[in-house]
Amino acid sequence: ELPPSEFMQVADSTWLVLSVVSNGREPPGCQATGVTKIARSVIAPLAEHHVSVLMLSTYQTDFILVRERDLPVVIHTLAGEFDIYKEESGECVPVTCDDVSNGFLKPKPPASPTLHPVQSPQTRFCVLTVAPDTLPAIATMLIDVLFYSHSPSWDAATGSQDLDSITFFSFSLIEGYISIVMDAETQKRFPSDLLLTSSTGELWRMVRIGGQPLGFDECGIVAQIAEPLAAADISAYYISTFNFDHALVPEEGIAEVIQLLQQRQEGGR
């Protein structure tokens, strides 16, 4: 319904949303798992079968987006480890490999993935939620932050953003559940009694993946980050965007994360 505009870019793919529940042999409705918990069972196998994914972590759960044309490969890749369901008219219906066999093509072995640089700004972030009925109380502030707040300055000489500090604000509304990521300074502008966070109130640091826009055809980007963090049992909050990928990790673990990712880069050379 958005009017065409020369200022709006639209990816040429249509994407489907996958959610993974913790006890994979049970129907949907069980507690969902985090990105590092599904790194080996979902993200890595899809990367090995040359399936590009977008990750969207929210306060409540994590979602994997795959291109619609890749669905036959996704089903065949994951059916050995998971029971897979599709939603039809609000009901969850089991999916078998036979349902998509006509569209399945044996994937070509993927090329060695590009090792993208990672950058870690000093900005500290909060992961929050808000009750839907209180959303009107912060709507004006949300609009101001989304559309009118100043962004960090760009270096005219290099054409790059100053990554000592980074503006990053994510708002998602999925099936009535609201999830927000904002920097700690921006959080101070909102009424503290309306924003809900974990009982620990922990702050997060970010690693941004990619020195330039990543595109949608390359696979294995999420796996490069999620797998080493999973092996080290470090939780992560991962958000893919149109241009870059972002992984948020607990602030106290940022030094270990940077070391792990540096080792990954050195090992891939």
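See the structure shown above.
Because the structure is predicted, anything quoted here is derived from the model rather than measured.

### Digging into the overall build of the protein
Reasoning step 1: Helices and strands together make up the secondary structure of the protein, namely six helices and 14 strands.
Reasoning step 2: Here the protein holds 269 residues, and the buried ones make up 42% of them.
Reasoning step 3: Contacts spanning at least 24 positions in sequence make up 73% of the contacts within the protein whose residues lie at least 6 apart.
Reasoning step 4: In the structure as shown, the protein presents an accessible area of about 15400 Å², 52% of it carried by carbon and sulfur atoms.

### A look at the pattern of salt bridges
Reasoning step 1: Taken as a whole and judged by the stated rule, the model has six salt bridges.
Reasoning step 2: Measuring nitrogen to oxygen at the nearest pair gives 2.3 Å for the salt bridge that ties D144 to R189. One end of the pair, D144, is in helix α3 (residues 135–147); the other, R189, is in the loop between α4 (184–187) and β12 (204–209), with 45 residues separating them in the sequence.

### Some words on the side chain of D245
Reasoning step 1: Here D245 is to be found in strand β14 (residues 245–250).
Reasoning step 2: Among the polar contacts listed, one links the side chain of D245 to the side chain of Y238, at a separation of 2.7 Å.
Reasoning step 3: Polar contacts involving the side chain of D245 include one to the side chain of S240, which spans 3.5 Å.
Reasoning step 4: Ignoring anything within four residues of it in the chain, the contact list for D245 reads V207, R208, I209, L214, I221, V222, Y238, I239 and S240.

### Observations concerning the packing of aromatic side chains
By convention here, two paired aromatic rings are described through the distance between centres and the angle between planes.
Reasoning step 1: The tally for this structure, following the rule as stated, stands at two aromatic pairs.
Reasoning step 2: Judged by centre distance (6.1 Å) and plane angle (85°), the ring pair of F125 and F168 falls under edge-to-face. Here F168 lies in the loop between β9 (160–161) and β10 (170–174) and F125 lies in strand β7 (residues 125–128), a separation of 43 residues in the sequence.
Reasoning step 3: Judged by relative accessible area, F125 falls into the buried class, the value being 0%.
Reasoning step 4: The buried category is assigned to F168, whose relative accessible area is 9%.
Reasoning step 5: Here R208 stacks its cationic end above the ring of F244, 4.2 Å away from the centre of that ring.

### A word on the pairing of strand β4 (residues 84–88)
Reasoning step 1: Where β4 lies against strand β5 (residues 91–95), five bridges are found, and the strand directions are antiparallel. Bridging from a neighbouring strand, E88 pairs with E91 of β5.
Reasoning step 2: In textbook terms, the turn of a hairpin is the stretch between consecutive antiparallel strands, and for β4 and β5 this stretch comprises two residues, one of which, S89, has a positive phi near 55°.

### Section: empty space enclosed by the protein
Reasoning step 1: This structure, assessed with the given rule, holds one cavity of 30 Å³ or more.
Reasoning step 2: Quantified by volume, the largest cavity comes out at close to 110 Å³.
Reasoning step 3: Forming the walls of the largest cavity are 15 residues, and the residues nearest its centre are S52, V53, E218, I221 and D245.
Reasoning step 4: Those elements that provide at least two residues to the lining of the largest cavity are β2 (53–57) and α5 (221–231).
Reasoning step 5: A domain split of the lining of the largest cavity shows at least three residues from each of domain 1 (15–99) and domain 2 (118–268).

### Points about unusual backbone geometry
Reasoning step 1: Backbone geometry at H50 places phi at a positive 60°, although glycine is not the residue there.
Reasoning step 2: Following the sequence through the fold, H50 ends up in the loop between α1 (39–48) and β2.
Reasoning step 3: One non-glycine residue, S89, lies in positive phi territory at about 55°.
Reasoning step 4: As for its placement among the helices and strands, S89 is situated in the loop between β4 and β5.

### Describing the packing of α1 against helix α2 (residues 71–78)
Reasoning step 1: Running from N to C, α1 and α2 cross one another at 130°; their axes reach a closest spacing of 10 Å. Judged on the interaxial angle alone, α2 and α1 are oblique. For α1 against α2, the interelement crossing comes out right-handed. Taking contact as the criterion, the partners of S41, V42, P45 and L46 in α1 are, on α2, V74, T77 and L78.
Reasoning step 2: Class assignment for the residues of the contact of α1 with α2 results in five nonpolar, two polar and no charged.

### A closer look at a nonpolar patch on the surface
Reasoning step 1: Among the surface-exposed residues, I143, L146, F147 and Y148 lie close enough to one another that they form a single nonpolar patch of about 470 Å² accessible area.
Reasoning step 2: With respect to the helices and strands, the residue Y148 is situated in the loop between α3 and β8 (154–155).
Reasoning step 3: The exposure class of Y148 is exposed, given its relative accessible area of 59%.

Reading the values: rules and limits
Residues numbered from 1 in each chain as written. Predicted model: local features only at pLDDT ≥ 70, side-chain atom pairs only at ≥ 80, totals over all residues. Heavy atoms only, no water. Helix = DSSP H or I, 4+ residues; strand = E, 2+ residues; numbered from the N terminus. Buried < 20%, exposed > 50% of the residue type's maximum accessible area, 1.4 Å probe, protein only. Contact = heavy atoms within 4.5 Å. Areas by Shrake-Rupley, 256 points an atom, 1.4 Å probe, with all protein chains shown as cover. Salt bridge = Lys/Arg side-chain N within 4 Å of Asp/Glu carboxyl O. Polar contact = N/O pair within 3.5 Å; in protein donor to acceptor, adjacent residues only side chain to side chain. Phe/Tyr/Trp six-rings, centres within 6.5 Å; stacked < 30°, edge-to-face > 60°. Lys NZ or Arg CZ within 6 Å of the ring centre and 35° of its normal. Pairing = 2+ DSSP bridges. 1 Å grid on protein atoms, 1.4 Å probe; cavity = no way out; pocket = protein on both sides within 12 Å on 5 of 7 lines; lining within 4 Å. Points joined across faces, edges and corners; volume = space filled by probe spheres on them. Domains from an automatic or database assignment. Axes fitted to C-alpha atoms, helices over the stretch in contact; angles between N-to-C directions. Parallel < 35°, antiparallel > 145°, perpendicular 65-115°, else oblique. Left-handed = near helix turned anticlockwise from the far one by under 90°. Nonpolar A, V, L, I, M, F, W, Y, C, P; charged D, E, K, R; others polar. Patch = residues over 30% accessible without salt bridge, like charges linked within 9 Å, V, L, I, M, F, W, Y side chains within 5 Å.

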